[in-house]
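Observations on the model geometry
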Amino acid sequence: MRLSDAEFKAMNGRIRGQLHRRVEFPLLRRLGLSESAGKDVIELGCGNGLGAELIASLRPRSYVGIDFMPEQIELAKLRAVKDARFLVGDATHLPELSDQSADVVVIFGILHHIPLWQQAVRECARLLRPQGCLIVEEPDAPALRGWDRVLRWAHPKTGFSLVGLEAQLASTGFRIEKRVRIPGVFGFYRARRVAS
Ligand SMILES: C[S@@+](CC[C@H](N)C(=O)[O-])C[C@H]1O[C@@H](n2cnc3c(N)ncnc32)[C@H](O)[C@@H]1O
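Here's a quick rundown of the structure. Here the structure is a predicted model, which means the values were calculated and not measured. (Residues numbered from 1 in each chain as written. Predicted model: local features only at pLDDT ≥ 70, side-chain atom pairs only at ≥ 80, totals over all residues. Heavy atoms only, no water.)

1. Remarks on the site of the ligand
In the vicinity of the ligand, 20 residues are found, and the nearest of them are Met1, Arg16, Gly45, Asp67 and Ala91. One of the side-chain N or O atoms of Asp90 is found 3.0 Å from a nitrogen atom in the ligand. For the ligand, whose unbound accessible area comes to 590 Å², protein coverage reaches 97%. Mapped onto the shell around the ligand, the elements with two or more residues apiece are α1 (5-11) and α2 (14-31). (Near = heavy atom within 4 Å. Polar contact = N/O pair within 3.5 Å; in protein donor to acceptor, adjacent residues only side chain to side chain. Areas by Shrake-Rupley, 256 points an atom, 1.4 Å probe, with all protein chains shown as cover. Helix = DSSP H or I, 4+ residues; strand = E, 2+ residues; numbered from the N terminus.)

Below is the structure:
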């Protein structure tokens, strides 16, 4: 789903950029994103391409960033990250990407924007090779309610929660190998694709 104007502005602002660089990326790198070195990486909901720039420092073999909003993809392309491809697409249905075309799929906070987020998790399983790795960061439902109340970000009603995400990962053939979960606030996961 498209971001509200308020969230679009915040996501592309300086504070969010600093948080991504200094907190989220280092945490996810320690959690397993460092596996991207020499591997084929897909980022779903790549936003303005900062993730692509940070992941490029890990020297993946290839990188594809997908986002639903053409404006985000335009911003991402402006970064001119070497060898990165950016495409407009919907994480729930990505016919332009082949089955088992990635070793690592990365999600920095997008599932809570997708009414059919469970389908996006299934799409991650389709894209990953066996033993491929899904790295996910998502806010929990109470944090989302708080942001909407205070910042008026107007998230869509998706029923997303970290408990629901963990159940969906298990039922989609992922094994959670590592997790940092602050209940009600944020969750960070490394999940391995162990079955189809
Ligand atoms: C909260 S922003 C995060 C952006 C970026 N990952 C970051 O960390 O700055 C969520 C992003 O997910 C994208 N998005 C929402 N629904 C999507 C979908 N169905 N498929 C792909 N991207 C989607 C939005 O356009 C937005 O760029």
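2. Description of helix α4 (residues 70-78)
Counting along an α-helix, one turn takes 3.6 residues, and residues three or four places apart therefore face a common direction. Turning to α4, its buried residues number three or more, namely Gln72, Ile73 and Ala76. Mapping the buried residues of α4 onto a view down its axis gives an arc of 100°, with all of them on the same face. On the buried face of α4, the contacting elements are α1, β2 (62-67) and β3 (84-88). A positive backbone phi angle near 50° is found at Ala80, which sits one or two residues after α4. (Buried < 20%, exposed > 50% of the residue type's maximum accessible area, 1.4 Å probe, protein only. Arc of directions from axis to C-beta. Contact = heavy atoms within 4.5 Å.)

3. Looking at the side chain of His155
Following the sequence through the fold, His155 ends up in the loop between α6 (141-151) and α7 (162-171). Under the relative-accessibility criterion, His155 is labelled buried at 11%. A distance of 2.9 Å separates a polar atom in the side chain of His155 from a polar atom in the side chain of Asp148.

4. A word on the sheet that holds β2
Read across the open sheet, the seven strands follow the order β3-β2-β1-β4-β5-β7-β6; overall the sheet is mixed. The sheet is open, and its two borders are formed by β3 and β6 (174-182), each paired with just one other strand. Neighbouring strand axes in the sheet, compared pairwise and without regard to direction, differ in orientation by 15° on average. Relative to strand β7 (residues 186-193), strand β5 (residues 128-139) runs antiparallel, the two sharing seven bridges. Looking across to β7, one finds that Pro139 is bridged to Phe186. Sheet strands touched by α2: β4 (102-108), β5, β6 and β7. Its angle to β7, the strand with the most contacts, is close to 35°. Docked against the sheet, helix α5 (residues 117-127) engages β1 (40-44), β4, β5, β6 and β7, running at close to 150° with respect to β5. (Pairing = 2+ DSSP bridges. Axes fitted to C-alpha atoms, helices over the stretch in contact; angles between N-to-C directions.)

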